Amino acid sequence: MSYKILTVDDSRMVRMIVAKTFQAYGCEIHEASNGADAIIAAATLFPDLIFLDITMADMNGLVVLEQMRALDHLKNTPIVMLTAESGSHFIERADKLKVAGYISKPFKGEQLIALAGKILNLEPVIAP
Ligand SMILES: [Mg+2]
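Quick look at the structure, then. All values derive from a computational prediction rather than experimental measurement. (Residues numbered from 1 in each chain as written. Predicted model: local features only at pLDDT ≥ 70, side-chain atom pairs only at ≥ 80, totals over all residues. Heavy atoms only, no water.)

**Focus on the sheet that holds strand β2 (residues 28–32)**
Reasoning step 1: Taken together, five strands build an open sheet; the order of strands is β2-β1-β3-β4-β5 and the sheet is parallel. Across the chains shown, the open sheet's two edge strands, defined by having one partner strand only, are β2 and β5 (101–104). The average angle at which neighbouring strand axes cross in this sheet is 20°, direction not considered.
Reasoning step 2: Of the pairings in the sheet, the one linking strand β4 (residues 79–83) to β5 comprises four bridges and is parallel in character. Paired with Leu-82 across the bridge in β5 is Ile-103.
Reasoning step 3: The sheet contacts of helix α1 (residues 12–23) involve β1 (4–8), β2, β3 (49–53) and β4, and relative to β2 the element is tilted by about 170°. (Pairing = 2+ DSSP bridges. Helix = DSSP H or I, 4+ residues; strand = E, 2+ residues; numbered from the N terminus. Axes fitted to C-alpha atoms, helices over the stretch in contact; angles between N-to-C directions. Contact = heavy atoms within 4.5 Å.)

Below, the structure written as structure tokens:
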């Protein structure tokens, strides 16, 4: 099955790594580069998994997380926080909002797959 993944990060590089990694597993990739767009995207897409940056210019990822959890259909959506060193003090607050895990930056695609594979039934796309 094709899972919908939403990546929320103000870094284009991070979004590219996530996209490249999950395209190899046939996932449908959606992206948002700021918090406001992320909430709209999450509310309309019904993603199977969200990767959410903490440090963004317009809105802290924790605020985005709180707003997503306030929406009925996003209450139980798996959300993985992408954390930089500067975001580590937010972890306690994020834990209370039932996050599915944390990935520290910088990260490799394999780390994403290792964590996402516990949540989704990922299968690599076999080239014809
Ligand atoms: Mg950021």
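**A few points about helix α3 (residues 61–69)**
Reasoning step 1: For α3, every residue scored as buried is listed here: Gly-61, Leu-62, Val-64, Leu-65, Met-68 and Arg-69. Down the axis of α3, the buried set is contained in an arc of 155°. They therefore lie on one face.
Reasoning step 2: Buried residues in α3 make contact with α2 (35–45), β3, β4 and α4 (91–96).
Reasoning step 3: The residue sitting at the N-terminus of α3 and contributing the capping side-chain oxygen is Asn-60; that oxygen lies 2.6 Å from the backbone nitrogen of Leu-62. (Buried < 20%, exposed > 50% of the residue type's maximum accessible area, 1.4 Å probe, protein only. Arc of directions from axis to C-beta. Polar contact = N/O pair within 3.5 Å; in protein donor to acceptor, adjacent residues only side chain to side chain.)

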